[in-house]
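Descriptive analysis of the structure
Residue-level listing of the chains:
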Amino acid sequence: MSNLMYLARSGLSSAQSALNVVGNNMNNAFTEGYSRQSIVLGQAGGKSTNYGFFGYGVQVDDVQRAYDGFINNQLRGATTNFMSLYSRNTQLTQIDNMLGDDSSNVSASLNNIFSAMEGISKDPVGAAERQETLSNMQSISYQYQSYSNTLNGLEKSTNTLIEQSVKDINTATEQLANINKEISKIQAQTGGVPADLLDQRDLLLNQLSQQVDIRVEENTTTGIVSVSMANGLPLVNGDRSYKLETSASPENPAQTIVSYVDASGNSIRLDESKITNGNLGGLFKFRNEDLVQARNDLNMMALQMANRFNEVNRDGYDLNGNRGEDLFSFKDPVAQANRNNAGDASFDISWTNISEVQAQEYTLTFKGPGQDDWEVVRADGSKVTPTIGDNGELEFDGISMMPNGTPQPGDSFRMNPVENAAGSLKVAITSGDQIAASSSDDPTNESNNENIKALIAIRDERLIGNATLTEAYASLVSNVGSSMSSLKSNLQTSAKVVTAVQTQQQSVAGVDIYEEYVNLQMFQQYYQANAQVLQTAVSIFDTILSIR
């Protein structure tokens, strides 16, 4: 009699627990990061007698959390790859949109200048033709300035996104360390691992993998994880987290750099070329490759265009018979001192041959007296051997750099000769009369159009490598477009991989609301059946009490 009551009680208790588990699954079917739970029932033992074995009913052995560490790791890897492509695509799209206007662009503005000059060629003294040419030159100057401002704005926004990514990384690693601590504490008290904390842990790991490529080591017994970056630097170790920090680059304050803070508080600058995945990796690649290339190409076009127009205009004579002047103005290059320099050195930079200038960054490092004083290295790592002038100036690649002050060994400077050429481009003349259309200094020779023909001939000159100005612009548009096409294709492929792995992960850990509904009905019937057992036991007990 008592055994029957005990059986009913154990059955009802187990059924109630099963209903709680199913109900929790149904409640959290749409909760992000939730992993389905399953109850595990087992026999509660029993007693062997001369008449056979009599069981003591059922008991709850475990509540298992659906989980596959291998699939979760695959999902993190797919996610970090997707996010690198996504963040880069988001930024590069803005350059593609900037260059993609067919009606208003540098190439169209160039053609307008040459078309207006054709009018001057037909009527060298025509005021309307000269004014139209001046207006078109002002238009292309504004176009270059606008493009430059857009690219500068993109650099600033990318820096902001990098800073936000680092904040998100630090928040996630701090929370992971706290979860490790809580898991350890609860396991020490109960011997079990709390499923809700494990769900929070995995959700944070997924969020972290969106920002940066990580490696995760999990203690499958305790549920505690150790997390490191792909380069091996630890981010989470037990209940301790390690932070990243951002700061302005010492060699280029316009760029934000990221450093790792070790256990001793020392900052270690991250090698951005090694951070290739995650949101952070995509932002680095855009800023250090896509943006640099687009900016260099644009500045090179502005510089070579302005210089060539200036050269040819100086060869002729304007409407008043005066020697032609520069049509465009632009700023000279600047050597930017590293913030950590110990000396007070500086450089004065001038052009020696603009046609020989290369659109890339140089780093000049002072090696110290007794050696080749200054080491010059291009951005691609190749060394430059400058010609040393009579006054100690360094001459190379179309520029001359005169050192001033007293440098200390290790002091460095960065310099890009085409930097800000587009942003600083302005029309240097104030009147169309200053366009040197004539090759004669006699203003009465009104039909002379020889120099304006030379200006028009710039259209077909190969000024940038083996390309004309319009071909160089077309190449810039094509290069960005090609990068966008490849990026979109890779992004679509990566998105499909993420979707496939997510589907696989959800097939293991996700909640199927229909399946849970079936389970709910099953355990409801299970509960009712055990209630019937209890009712039977009570009925038997009442019958016994009624015997007199």
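Up top is the structure these notes are about.
A quick note: this is a predicted structure, and the numbers were derived from the prediction, not measured.

Rules behind the numbers
- Residues numbered from 1 in each chain as written.
- Predicted model: local features only at pLDDT ≥ 70, side-chain atom pairs only at ≥ 80, totals over all residues.
- Heavy atoms only, no water.
- Phe/Tyr/Trp six-rings, centres within 6.5 Å; stacked < 30°, edge-to-face > 60°.
- Helix = DSSP H or I, 4+ residues; strand = E, 2+ residues; numbered from the N terminus.
- Buried < 20%, exposed > 50% of the residue type's maximum accessible area, 1.4 Å probe, protein only.
- Salt bridge = Lys/Arg side-chain N within 4 Å of Asp/Glu carboxyl O.
- 1 Å grid on protein atoms, 1.4 Å probe; cavity = no way out; pocket = protein on both sides within 12 Å on 5 of 7 lines; lining within 4 Å.
- Points joined across faces, edges and corners; volume = space filled by probe spheres on them.
- Nonpolar A, V, L, I, M, F, W, Y, C, P; charged D, E, K, R; others polar.
- Pairing = 2+ DSSP bridges.
- Contact = heavy atoms within 4.5 Å.

1. A look at the packing of aromatic side chains
For the structure shown, the criterion picks out eleven aromatic pairs. Their ring planes at 70° and their centres at 6.2 Å tell us that Phe330 and Trp351 sit as a pair that is edge-to-face. Residue Phe330 is located in the loop between strand 12 (328–329) and strand 13 (336–337), and its partner Trp351 is located in strand 14 (residues 346–351); the two are separated by 21 residues in the primary sequence. With a relative accessible area of 19%, Phe330 lands in the buried category. An angle of 90° between the planes, with centres 5.1 Å apart, marks the rings of Phe347 and Phe413 as edge-to-face. Of this pair, Phe347 sits in strand 14 while Phe413 is found in strand 21 (residues 412–415), placing the two residues 66 residues apart along the sequence. The same class applies to Phe347 and to Phe413, which are both buried. Aromatic ring contacts, followed pair by pair, group Phe347, Phe366, Trp374 and Phe413 into a single cluster.

2. Things to note about the pattern of salt bridges
The tally for this structure, following the rule as stated, stands at 21 salt bridges. For the salt bridge of Asp199 with Arg65, the shortest nitrogen-to-oxygen distance reads 2.7 Å. With a gap of 134 residues between them, Asp199 in helix 5 (residues 195–211) and Arg65 in strand 4 (residues 58–65) connect regions that are remote in the sequence. Assessed through its relative accessible area of 8%, Asp199 is described here as buried. The exposure class of Arg65 is buried, given its relative accessible area of 17%. With its nearest N and O atoms 2.8 Å apart, the salt bridge here joins Glu289 to Lys285. Linking Glu289 with Lys285, this pair stays in helix 6 (residues 278–314), spanning four residues, or about one helical turn. A network of salt bridges, in which partner residues are shared, links Arg65, Asp199, Arg201, Asp202 and Glu218.

3. With respect to empty space enclosed by the protein
Counting across every chain of the model gives one cavity of 30 Å³ or more. Residues that form the lining of the largest cavity fall into these classes: six nonpolar, four polar and four charged.

4. What about the sheet that holds strand 19 (residues 394–396)?
Across the sheet, which stays open at both edges, the four strands sit in the order 14-20-19-18 with antiparallel pairing between neighbours. The open sheet has two edge strands, strand 14 and strand 18 (387–388), and neither has a second partner. The pairing of strand 14 with strand 20 (residues 399–404) spans six bridges and is antiparallel. When the bridges of strand 20 are listed, Ile349 appears paired with Met401.

5. Quick look at the environment of Leu520
Along the chain, the position of Leu520 falls in helix 9 (residues 513–546). Between the alpha carbons of Leu520 and Val22 there is a distance of 6.2 Å; along the sequence they are 498 residues apart. Setting aside anything within four residues of it in sequence, one finds Leu520 in contact with Leu19, Val22 and Met26.

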